[in-house]
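Inside the fold
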Amino acid sequence: MYNYCTLFDSNYLTRGLAMYESLKKYSNDFHLFIFAFDNYSFALLKSLDLEFVTITSLKEFEDEELLRIKSSRSKGEYCWTCTPSTIKYSIEKFNLEICTYLDADLYFFSNPTVLIDEMDINDSVLITEHRYSSEYDQSLTSGIYCVQFMTFKNDENGMRVLNWWRNACIGWCYARFENGKFGDQKYLDDWTSRFEGVHVLQNLGGGVAPWNIQQYDLSNESFKVIFYHFHNFKFLENNKVDFGNYKLNKINIDRLYVPYIKHLKKISKYLGEIDKNHKYDGIVKKKIFNLRKIYSVVKRKIRGTYNVYKIDEIIGR
């Protein structure tokens, strides 16, 4: 059994569900612990009765230390602050031997167990590099490693790293580079020398992202994408999408972004039907489906952006 945990709120609801469904597509030997970061997402997720999933509310999860610093962090910063705490909670509350954290905007194209299985008996922690393409290298400010897919064993070394990270994030976790720190992420830079049992993922199919996709040829059948990180992907007004300021070729878009957009639209339609038929706890309705935000639509000027497309053109081509 492979155990995973993730966190998201209503704004990332469709992405979190797409991540879960992509994981389920390739694996039935897993359990996913979802931390719902607002009441609306919690109520709706509970109503869906998802297979292989446990939903935890903020009320259940938050402890005195997190609540003490919560008001000093933005919404995003608080999510970053809580990342190690969700892993720790999952391991301790549910007595897990091992747990892997997943960002909600990951999407699986193959079974990720091959990544976790890289760990041997002497490894207690698994981390993934950004592997930046040279033109996007932000390792000095954003970190060598990416908090996107991280595994911790419930052993002495694993919990030592996890507890150290949690305490560091509670002490400082902000969306700025300051004194060698950035969010929850720069803390990972020296883990391979600071701690014992830290393994850096070797499989290049794990951690494919817009900042490194330029290094890979997806037409090469020998290269298998395990998961893709849809960082900076946004739905815009007027039925448009923004893929961010990264160089993407047609194969990248057709093989990665098109399936993702189609999946998000399918989930959006399904959640819209739930709203129409009142199949969920009523406290969700006013907030979530005031969305049509169901995909978190963003108002913005598109001038100066590489990759803004009309959805119908992207899906239909």
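Residues numbered from 1 in each chain as written. Predicted model: local features only at pLDDT ≥ 70, side-chain atom pairs only at ≥ 80, totals over all residues. Heavy atoms only, no water.

**Focus on the overall build of the protein chain**
Each helix and strand counted, the protein chain has 12 helices and 15 strands in total. Relative to its full complement of 317 residues, the protein chain shows a buried share of 56%. Intrachain contacts of the protein chain at a sequence separation of at least 6 include 73% that bridge at least 24 residues. Total accessible area on the protein chain is roughly 14,600 Å²; 47% of this is exposed by carbon and sulfur atoms. (Helix = DSSP H or I, 4+ residues; strand = E, 2+ residues; numbered from the N terminus. Buried < 20%, exposed > 50% of the residue type's maximum accessible area, 1.4 Å probe, protein only. Contact = heavy atoms within 4.5 Å. Areas by Shrake-Rupley, 256 points an atom, 1.4 Å probe, with all protein chains shown as cover.)

**Thoughts on helix H1 (residues 13–26)**
A rise of 1.5 Å per residue sets the reference length of H1, with its 14 residues, at 20 Å; its end C-alpha atoms lie 21 Å apart and thus fit the reference within 8%. Counting buried residues along H1, 10 of its 14 residues qualify, which places the element largely inside the surrounding structure. (Expected span 1.5 Å × (residues − 1).)

**Some details on the sheet that holds strand E6 (residues 125–129)**
Within the open sheet, the seven strands sit side by side as E3-E2-E1-E4-E7-E6-E10. Their pairing is mixed. Single-partner strands in this sheet number two, and they are strand E3 (53–57) and strand E10 (198–200). Pairs of neighbouring strands in the sheet enclose a mean axial angle of 20 degrees, with direction left out of account. With five bridges connecting them, strand E2 (residues 30–36) and E3 associate as parallel partners. Bridging from a neighbouring strand, Ile34 pairs with Ile55 of E3. On top of the sheet, helix H8 (residues 156–171) reaches E6 and strand E7 (145–153); it is set at about 135 degrees to E7, its chief contact. (Pairing = 2+ DSSP bridges. Axes fitted to C-alpha atoms, helices over the stretch in contact; angles between N-to-C directions.)

**So, the layout of surface pockets**
Considering only enclosed or pocket space, the largest pocket measures out at about 1,000 Å³ in volume. In this structure, the largest pocket is lined by 36 residues; those nearest its centre are Tyr12, Trp80, Asp103, Asp105 and His231. Of all the secondary structure elements, the ones that give two or more residues to the lining of the largest pocket are strand E1 (2–8), helix H5 (75–93) and E7. Ranked by the residues each element gives to the lining of the largest pocket, the list is headed by H5, at five residues. When grouped by side-chain class, the residues that make up the lining of the largest pocket number 17 nonpolar, 12 polar and seven charged. Empty space within the second largest pocket amounts to approximately 170 Å³. Taken together, Leu17, Tyr20, Glu21, Leu48, Asp49, Leu50, Glu51, Lys266, Ile267 and Tyr270 make up the lining of the second largest pocket. Those elements giving two or more residues to the lining of the second largest pocket turn out to be H1 and helix H10 (250–277). (1 Å grid on protein atoms, 1.4 Å probe; cavity = no way out; pocket = protein on both sides within 12 Å on 5 of 7 lines; lining within 4 Å. Points joined across faces, edges and corners; volume = space filled by probe spheres on them. Nonpolar A, V, L, I, M, F, W, Y, C, P; charged D, E, K, R; others polar.)

**Observations concerning the side chain of Ser22**
By the secondary structure assignment, Ser22 is in helix H1. For Ser22, a relative accessible area of 2% gives the class buried. In this structure the side chain of Ser22 is engaged in a polar contact, spanning 2.8 Å, whose partner is the backbone oxygen of Met19. For Ser22, the contacting residues outside a window of four places in its chain are Tyr107, Phe108 and His263. (Polar contact = N/O pair within 3.5 Å; in protein donor to acceptor, adjacent residues only side chain to side chain.)

**Things to note about the confidence of the model for the protein chain**
Residues at a pLDDT of 70 or more form 89% of the protein chain, whose mean pLDDT is 90. Contacts of residues 280–305 to residues separated by more than four positions or lying in other chains number 59 contacts, the stretch itself having pLDDT below 50. (pLDDT = per-residue confidence, 0-100.)

**Side note on the environment of Phe243**
On the secondary structure map, Phe243 appears in the loop between strand E13 (240–242) and H10. Judged by its relative accessible area of 0%, Phe243 falls in the buried class. On a C-alpha basis, the gap between Phe243 and Ile253 in space is 9.1 Å, while along the polypeptide they are 10 residues apart.

**Some words on the packing of H5 against H8**
Contact pair H5 / H8: the axes reach a minimum separation of 8 Å and the direction vectors enclose 140 degrees. In this structure, H5 meets H8 at a crossing whose hand is left-handed. Seen from H5, the contacting residues are Thr81, Thr83, Pro84, Ser85, Ile87, Lys88, Ile91 and Glu92; seen from H8, they are Met159, Leu162, Asn163, Trp165, Arg166, Cys169 and Ile170. Of the residues that constitute the contact of H5 with H8, the class distribution is eight nonpolar, four polar and three charged. (Left-handed = near helix turned anticlockwise from the far one by under 90°.)

**Details of unusual backbone geometry**
Although it is not a glycine, Asp49 sits at a positive phi angle of roughly 50 degrees. Note that Asp49 resides in the loop between helix H2 (39–48) and E3. Asp49 gets classed as exposed once you look at its relative accessible area, which sits at 67%. Even without glycine at this site, Asn232 takes up a positive phi of about 65 degrees.

**Some thoughts on the nonpolar core**
Counting 55 residues, the largest nonpolar core has Leu45, Leu102, Phe149, Tyr228, Phe233, Phe243 and Tyr257 as its most contacted members. Sorting elements by how many residues they give to this core places H10 first, with 10 residues. Not counting residues up to four positions away in its chain, the partners in contact with Tyr257 are Pro210, Tyr228, Phe230, Phe233, Phe243, Leu248 and Asn252. If you look at the next biggest cluster of nonpolar residues, it comprises 40 residues, including Leu58, Tyr78, Val125 and Met159. (Core = buried A, V, L, I, M, F, W, Y, C linked by side-chain atoms within 4.5 Å.)

**Re the pattern of salt bridges**
Tallied over the entire structure, the rule returns 11 salt bridges. Across the salt bridge formed by Lys75 and Asp9, the nearest N and O atoms sit 3.3 Å from each other. Here the residue Lys75 occupies a position in helix H5, and Asp9 occupies one in the loop between E1 and H1, the gap between them amounting to 66 residues. For Glu178, the salt bridge goes to Arg176, with nearest N and O atoms at 2.7 Å. Here the salt bridges share partners, and the residues they tie into one network are Asp63, Glu65 and Arg166. (Salt bridge = Lys/Arg side-chain N within 4 Å of Asp/Glu carboxyl O.)

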